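Coordinates in review
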Amino acid sequence: MPIVSKYSTSQIEKLVNQLIDILQNEQATTELSLMCLGNAVSHVINTSVPAKQRAAVTESFNRALADAINVNRQ
């Protein structure tokens, strides 16, 4: 069963496209792009998620990322 987001597809796509545009404009390599995105994720979790919930949020994020990667390979 697909997960229903409380955010609109257009809102998500707009932000993702802006992030990708910045990385492309800076000619960031794959490695640098992943490092920057990883640092951004860490920052969001560390500044926006209560300490007691960070491990669970991180595990959930990791699962979602792994699922997205696996889906795109098919």
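Criteria and thresholds
Residues numbered from 1 in each chain as written. Predicted model: local features only at pLDDT ≥ 70, side-chain atom pairs only at ≥ 80, totals over all residues. Heavy atoms only, no water. Helix = DSSP H or I, 4+ residues; strand = E, 2+ residues; numbered from the N terminus. Buried < 20%, exposed > 50% of the residue type's maximum accessible area, 1.4 Å probe, protein only. Areas by Shrake-Rupley, 256 points an atom, 1.4 Å probe, with all protein chains shown as cover. Lys, Arg positive; Asp, Glu negative; His and termini not counted. Charge placed at Lys NZ, Arg CZ, Asp CG, Glu CD. Contact = heavy atoms within 4.5 Å. Polar contact = N/O pair within 3.5 Å; in protein donor to acceptor, adjacent residues only side chain to side chain.

Okay, the overall build of the protein chain next. A tally of regular secondary structure across the protein chain gives three helices and zero strands. Ordered by position in the sequence, the α and β elements of the protein chain form the string α-α-α. With respect to the three principal axes, the spread of C-alpha positions in the protein chain is 35 × 30 × 25 Å. Across the 74 residues of the protein chain, 7% fall into the buried class. Counting every atom, the protein chain has about 6,800 Å² of accessible surface; 59% of that belongs to carbon and sulfur. Positive and negative charge centroids in the protein chain, built from 6 and 6 side chains respectively, lie 13 Å apart.

With that settled, the discussion passes to unusual backbone geometry. One can expect most non-glycine residues to show negative phi and most peptide bonds to be in trans. Its identity is not glycine, yet Gln27 carries a phi of approximately 55°, on the positive side. Residue classification places Gln27 among the exposed residues on the basis of a relative accessible area of 70%.

Quick look at the side chain of Ser33 now. Take Ser33: it is sitting in helix α2 (residues 30–48). Not counting the four nearest positions on each side in its chain, Ser33 is found in contact with Leu23 and Ala28.

What follows covers the environment of Ile69. Here Ile69 lies in helix α3 (residues 54–73). Taking the C-alpha atoms as reference, Ile69 lies 19 Å from Val4; in sequence the two are 65 residues apart.

Structurally, Arg54 can be placed in helix α3. Arg54 gets classed as partly exposed once you look at its relative accessible area, which sits at 27%. Filtering out sequence-adjacent residues up to four positions away, Arg54 remains in contact with Ile45, Asn46 and Val49. Among the polar contacts listed, one links the side chain of Arg54 to the backbone oxygen of Asn46, at a separation of 2.8 Å.

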